[in-house]
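Overview (structure and organization)
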Amino acid sequence: MAADTGPLARSGVRRERGDRFALGRRSFLAGGAGLAGGAGLAGGAGLAGGAGLAGGAGPALARPAVAADAAAAAGGWTHAAYVEAMRRSGRPTDQTEAQFAAIQARKPDALRRIASYLKERLGAADPAVMRAFAEVPREYFQYNYADRHSFAGEAYESNPKPWAIGYGSALSDYLGQAYMTQVARPKPEYVTLEIGTGSGFQSALLSRIVQRAYTIEIIEPLGHAVSHIFAPLGYDNVRSRVGDGYYGWPEVEGGFDVIMLTCAAEYAPPDLFKQLKPGGRMVIPIGQPFKRGQFLYIYTKDARGKIHSRKDVGVFFIPMTGAITRTPRPSAAPLTHPAAAPGAAAAAAPASTE
């Protein structure tokens, strides 16, 4: 049975009342949703499980200068700034000042929860990752695009879980996102690519650490809607587009220092290795759709262009769609790995998906 690790996930889950999803008692890192010892998902899925560390905490990273936005100019992230940013992003909200204040009151405990989680799993919490979580307002990303309503009032829940955001996608559990962000080892000079934009929260986090963050979403209505949410926050170093992440973003000159997938692939797409810079790092869930046995893998490319791989923690993500479902795995595509990360726990059984 997997250790209670926390959540990562855009996973398949059983839809329950409203926005919340139900997960079985055992959960694990679940790509795009949440992993947290079998917590029920809130609009997404809750994942927990997979314990082991993935690559250590890494050095403390300096945060690049943050683009000045209207909220900062007005004195910070206030209720008025939130309402205005939501309006500018085309997502109306009826959240009251009292509800907004309650969200902000929960945030410090959530940050302490993240720091403790990263210390337990990775030895330490990277200050750059913690700064990003402190800066990015998670409540702004808690929105269901299919139903067109905000569930911002649920942000920073004490029992982290994933949340449904419509079109079969989910906002991952924040502990899982913290884990994925830290094992990617982002640095201020880096250029990153995320496959599976979802809510946009993961690339927003990366954008507070790296020079440029690119993100691709295959679900057209979701990708188009989410493309409007970064500018109102002043996150002008994020580039998003609708497309099939199987092919990456080859037009980006020089490639990427970090490539992160927030969906489970049956194998690592070859084009992504071509776009990974020497010294780069790919974080990718690999496994069969909606089945046990998915694991997070860490690929690195050395100075000579040779690919190295390591099997990390057990995960449960919703499947990658598009070309990968029609394209047989190339014989040269890396899939298996010689050894798991020291201390990595086996994944618990995934929740039922209905």
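Residues numbered from 1 in each chain as written. Predicted model: local features only at pLDDT ≥ 70, side-chain atom pairs only at ≥ 80, totals over all residues. Heavy atoms only, no water.

1. Let's talk about the packing of helix α3 (residues 97-122) against helix α4 (residues 127-135)
Running from N to C, α3 and α4 cross one another at 160°; their axes reach a closest spacing of 11 Å. In terms of axis orientation, α3 runs roughly antiparallel to α4. Handedness of the crossing formed by α3 with α4: right-handed. From α3, K107, L111, I114, A115 and L118 reach across to α4, where they touch V129, M130, F133, A134 and E135. (Axes fitted to C-alpha atoms, helices over the stretch in contact; angles between N-to-C directions. Helix = DSSP H or I, 4+ residues; strand = E, 2+ residues; numbered from the N terminus. Parallel < 35°, antiparallel > 145°, perpendicular 65-115°, else oblique. Left-handed = near helix turned anticlockwise from the far one by under 90°. Contact = heavy atoms within 4.5 Å.)

2. A short note on α4
Turning to α4, its buried residues number three or more, namely A128, V129, M130, A132 and F133. Next to the buried residues of α4 lie α3, α5 (174-184) and α6 (201-207). (Buried < 20%, exposed > 50% of the residue type's maximum accessible area, 1.4 Å probe, protein only.)

3. Examining the nonpolar core
Residues I114, L118, F133 and F141 are the most contacted members of the largest nonpolar core, which totals 58 residues. Broken down by element, this core gets its largest block of residues, eight residues, from α3. Residues contacting F133, with those up to four places away along its chain left out, are K107, L111, I114, Y174, Q177, A178, F201 and L205. Grouped together as the second largest cluster of nonpolar side chains are 27 residues, V191, L261, A265 and A323 included. (Core = buried A, V, L, I, M, F, W, Y, C linked by side-chain atoms within 4.5 Å.)

4. Let's talk about the environment of Q104
With respect to the secondary-structure elements, Q104 resides in helix α3. The spacing of Q104 and P137 is 33 residues in sequence and 9.2 Å in space, taken between C-alpha atoms. Look past the residues within four positions of Q104 in its chain and what remains in contact with it is W77 and E139.

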